[in-house]
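# Per-entry structural report
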Amino acid sequence: QVQFVESGGGLVQPGGSLRLSCVASGTIISIYTMAWYRQAPGKQRELVARIISSGRTNYVDSGEGRFAISRDNAKNMVYLQMNSLRPEETAVYYCNAMNSGGGVLFNPWGQGTQVTVSS
């Protein structure tokens, strides 16, 4: 069974930074497009960033210039560096692999990691 374990969240003041980590087991992520998602209370889960196998990256518009997704295939891990965080980015953050149609590949989701941006 494929599992993702996310970590690195926490409470940070507006303008602060966090680095999220995701380790995968049960599969080798090197062949996949990997992505970070977030779900805020009362809202749908949304795509935040993705990195394809070649290393090319894409971000949600609000994250451009502030977020950086990276991967370490040797460690089967994906990271999300988030800078200049905003209160509206408070959410549970998850990682998963994406299929060619833009959907997620694996269920169930991991437990996620809580990011709270507040003064």
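Our structure's up above, just so we're on the same page.
None of the values given here were measured: they were computed from a predicted structure.

### Some points on the sheet that holds strand β3 (residues 18-25)
Hydrogen bonding along the main chain pairs the strands of a sheet, whether they run parallel or antiparallel. If you walk across this open sheet you meet the four strands as β1-β3-β8-β7, and the pairing is antiparallel. Whereas interior strands pair on both sides, the edge strands pair on one side only; in this sheet they are β1 (3-7) and β7 (67-72). Within the sheet, the average angular offset between the axes of one strand and its neighbour, ignoring direction, is 15°. Sheet topology places β3 next to strand β8 (residues 77-82); six bridges connect them, and they run antiparallel.

### Brief notes about the pairing of β8
Within β8, five of the six residues are buried, leaving the element largely enclosed by the surrounding structure. Taken together, β7 and the strand that follows it, β8, pair antiparallel across an intervening segment of four residues, in which N76 is found at a positive phi of about 60°.

### Overview of the pattern of salt bridges
Summed over all chains, the structure comprises three salt bridges. Of the charged contacts, one joins E46 and R38 as a salt bridge, the two residues approaching to 2.7 Å between their closest N and O atoms. Given the relative accessible area of 7%, R38 is considered buried. Salt-bridge contacts for R66 lead to E89; the nearest nitrogen and oxygen are separated by 2.3 Å. In this pair, R66 sits in the loop between β6 (57-59) and β7 while E89 sits in the loop between β8 and β9 (91-98), placing the two residues 23 residues apart along the sequence. Here R66 matches E89 in class, with each residue buried.

### Here's the deal with the packing of aromatic side chains
The tally for this structure, following the rule as stated, stands at four aromatic pairs. Between Y37 and W109, the ring centres sit 5.1 Å apart and the planes meet at 85°, which makes this aromatic pair edge-to-face. One end of the pair, Y37, is in strand β4 (residues 33-39); the other, W109, is in the loop between β9 and β10 (113-117), with 72 residues separating them in the sequence. Taking relative accessible area as the criterion, W109 reaches 22% and is therefore assigned partly exposed. With a centroid separation of 5.7 Å and an interplanar angle of 70°, the aromatic rings of Y94 and W109 are classed as edge-to-face. Within this pair, whereas Y94 is found in strand β9, its partner W109 is found in the loop between β9 and β10, the two being separated by 15 residues in sequence. An aromatic cluster is built from F4, Y32 and F106, whose rings are joined through pairwise contacts. Sitting above the plane of the Y79 ring, R19 keeps its charged end 4.1 Å from the centroid. One cation-aromatic arrangement involves R45 over W109; the distance from NZ or CZ to the ring centre is 3.9 Å.

Conventions we followed
- Residues numbered from 1 in each chain as written.
- Predicted model: local features only at pLDDT ≥ 70, side-chain atom pairs only at ≥ 80, totals over all residues.
- Heavy atoms only, no water.
- Pairing = 2+ DSSP bridges.
- Helix = DSSP H or I, 4+ residues; strand = E, 2+ residues; numbered from the N terminus.
- Axes fitted to C-alpha atoms, helices over the stretch in contact; angles between N-to-C directions.
- Buried < 20%, exposed > 50% of the residue type's maximum accessible area, 1.4 Å probe, protein only.
- Salt bridge = Lys/Arg side-chain N within 4 Å of Asp/Glu carboxyl O.
- Phe/Tyr/Trp six-rings, centres within 6.5 Å; stacked < 30°, edge-to-face > 60°.
- Lys NZ or Arg CZ within 6 Å of the ring centre and 35° of its normal.

Geometry only, nothing functional implied.
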